[in-house]
Amino acid sequence: AKRRKSSVPCAYDPQMAETLAERLRIETELRDAIANDTLMPYFQPLVRLNNRTVYGFETLARWQRQDGSFVPPDVFIRTAENAGLITDLSDKLLRKACLAARNWPANLILAFNISPRQLSDQFLGNRLLRILKEVDFPPQRLSIEITESAIIRDIGETVRILDQLRAVGVRIALDDFGTGYSSLAQLAQLPLDKIKIDRQFTANFMENDKQSKIVRSVLELGRVLEISMLAEGVETDEQYQMLRAMGCYLGQGYLFGRPMPAEAVPAYLIDSQRN
Ligand code: C2E
Ligand code: CA
Ligand code: CA
Ligand code: CA
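Residues numbered from 1 in each chain as written. Chains lettered and ligands numbered in written order. Predicted model: local features only at pLDDT ≥ 70, side-chain atom pairs only at ≥ 80, totals over all residues. Heavy atoms only, no water.

Trainee: Account for the nonpolar core, with residues named and values stated.
Mentor: In this structure, Phe57, Leu110, Leu142, Ile144 and Ile146 are the most contacted members of the largest nonpolar core, which totals 71 residues. In terms of residues, this core owes the most to one element, helix α3 (residues 86-101), which gives eight residues. Those residues in contact with Ile144 that sit more than four places away from it in its chain are Phe112, Ile114, Leu128, Leu162, Leu165, Val170, Arg171, Ile172 and Ala173. One finds Tyr55, Ile109, Leu230 and Leu250 within the second-largest nonpolar core, a separate group that totals six residues. (Core = buried A, V, L, I, M, F, W, Y, C linked by side-chain atoms within 4.5 Å. Buried < 20%, exposed > 50% of the residue type's maximum accessible area, 1.4 Å probe, protein only. Helix = DSSP H or I, 4+ residues; strand = E, 2+ residues; numbered from the N terminus. Contact = heavy atoms within 4.5 Å.)

Trainee: Can you explain the environment of Ile161? Please cite residues and give values.
Mentor: Structurally, the position occupied by Ile161 is in helix α5 (residues 155-167). Along the sequence, Ile161 and Gly125 sit 36 residues apart, while their C-alpha atoms lie 5.6 Å from each other. Those residues in contact with Ile161 that lie beyond four places of it in its chain are Leu119, Asp121, Gln122, Leu124 and Gly125.

Trainee: Tell me about the coordination of the calcium ion (ligand 3), and please be specific about residues and values.
Mentor: Bound to the calcium ion (ligand 3) on the protein side are Asp175 (OD), Asp176 (OD), Glu232 (OE) and Glu232 (OE), at distances that span 1.9 to 2.8 Å. Between consecutive donors of the calcium ion (ligand 3), the numbers of intervening residues give the motif D-D-x55-E. On the basis of relative accessible area, Asp176 is assigned to the partly exposed category, the value being 25%. Its relative accessible area of 11% is what places Glu232 among the buried residues. (Donors = N, O, S within 2.8 Å, 3.2 Å for Na, K, Ca; no water.)

Trainee: Tell me what's going on with the environment of Met242, and back it up with residues and numbers.
Mentor: With respect to the helices and strands, Met242 occurs in helix α9 (residues 237-245). Distance from Met242 to Leu93, taken between C-alpha atoms, is 35 Å for residues 149 residues apart in sequence. Setting aside residues up to four positions removed in sequence, Met242 forms contacts with Phe205 and Met206.

Trainee: Summarise the coordination of the calcium ion (ligand 4); cite the residues concerned and give the values.
Mentor: Ligation of the calcium ion (ligand 4) by protein atoms is provided by Asp176 (OD) and Asp176 (OD), these donors lying 2.9 to 3.1 Å from the ion. Distance-wise, the calcium ion (ligand 2) is placed 5.9 Å from the calcium ion (ligand 4). In this fold, Asp176 is placed in strand β6 (residues 171-177).

Trainee: Explain the site of ligand 1 to me, and be specific about the residues and the numbers.
Mentor: Close contacts around ligand 1 come from 22 residues, with Arg62, Asp74, Arg199, Glu235 and Tyr254 the closest. At 3.4 Å, a backbone N or O of Ser115 approaches a nitrogen atom of ligand 1. Taking Arg199, its side chain carries an N or O atom lying 2.9 Å from an oxygen atom of ligand 1. Computed on the free molecule, ligand 1 has an accessible area of 810 Å², of which 84% lies beneath the protein chains in the complex. Taken together, the elements giving at least two residues each to the shell around ligand 1 come down to β2 (54-64), α2 (73-82), β4 (109-114) and β6. Sorting elements by how many residues they give to the shell around ligand 1 places β2 first, with four residues. Considered class by class, the residues forming the shell around ligand 1 number nine nonpolar, five polar and eight charged. (Near = heavy atom within 4 Å. Polar contact = N/O pair within 3.5 Å; in protein donor to acceptor, adjacent residues only side chain to side chain. Areas by Shrake-Rupley, 256 points an atom, 1.4 Å probe, with all protein chains shown as cover. Nonpolar A, V, L, I, M, F, W, Y, C, P; charged D, E, K, R; others polar.)

Trainee: Summarise the pattern of salt bridges; cite the residues concerned and give the values.
Mentor: All told, the structure shown has 18 salt bridges when counted by the stated rule. Linking Arg65 and Glu22 is a salt bridge whose minimum nitrogen-to-oxygen distance equals 3.9 Å. With Arg65 in the loop between β2 and β3 (70-71) and Glu22 in helix α1 (residues 14-35), this pair connects stretches of sequence that are 43 residues apart. Arg65 sits in the buried class, given a relative accessible area of 13%. With a closest N to O distance of 2.8 Å, Asp121 and Arg127 form a salt bridge. Overall, the relative accessible area of 15% leaves Arg127 in the buried class. (Salt bridge = Lys/Arg side-chain N within 4 Å of Asp/Glu carboxyl O.)

Trainee: Describe the pairing of strand β8 (residues 228-231), listing the residues and the values that go with them.
Mentor: Note: strand β7 (residues 194-197) against β8, four bridges, orientation parallel. The partner of Lys196 across the bridge, within β8, is Leu230. As paired strands, β8 and strand β9 (residues 250-251) are joined by two bridges and run parallel to one another. In the sheet register, Leu230 faces β9, and the bridge partner there is Leu250. In this view, the connection linking β8 to its parallel neighbour β9 by way of α9 has right-handed handedness. (Pairing = 2+ DSSP bridges. Right-handed = clockwise from strand over helix to strand, strands pointing away.)

Here is the structure:
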């Protein structure tokens, strides 16, 4: 394993020391959790806004420690990336997610997050497809969500991986659009089927006229590029109505459902048909 000695500050800083110790402890625990395959996929509904039917579910990783506490995925995904554990974590999670999704109605899409670091792994495509084959899950039902980052040095390699996946029917979604590295540059370079508008836009656009104009323009951009659009973080009925009126295809957020364990999905689907 790689030691990140270089990140230890020279001057003694008790605050920092604690975080480093905690970080190392989390890394060790995470290594065990992955080895023992204890991470669980949760699933959050993706909903068609025009008729409020379920389009699919996004897989969200959940890790419960021995003491019962949950570590936020933002934290342990970063830890896994830095510790060289992300491939193993991701492969095991995808396998579990597919096994769960196989029991859903066959029209439902399974969305799955791929971290930026994985995107520069030339074997990513082969590995994903091998897992789908192993668990007998149709590639046409998988949508991978990507965010680009500065660590992608070879955009050509990333495009090659994405094209390989698309050739067998896997869809590609650009996640967190409008933030960080997820920007206009990616629209031009990457083969995309879907854009997920980051929830910070959804959160503010009711009160802020400028934000709503931005969302409107981004939706228009999607129309022109023939890429379907999803709004993240839909929490209120007003946001939902507004996005629907603007012609946004899909939505995701607490209004429609929180991330849930696989066992809760059948009841959610029955319930959603009643409305
Ligand atoms: P993300 O891919 O942008 O996932 C959406 C996040 O927004 C999830 O947080 C979800 O629980 C949260 N969310 C959904 N609807 C709402 C809403 O209406 N309001 C608010 N406030 N939040 C909402 P979560 O599960 O904590 O995941 C955080 C991030 O961790 C994800 O952001 C993703 O970047 C990463 N992540 C999670 N699972 C995986 C995984 O299996 N692999 C990779 N590479 N990254 C993952
Ligand atoms: Ca995502
Ligand atoms: Ca997102
Ligand atoms: Ca995110």
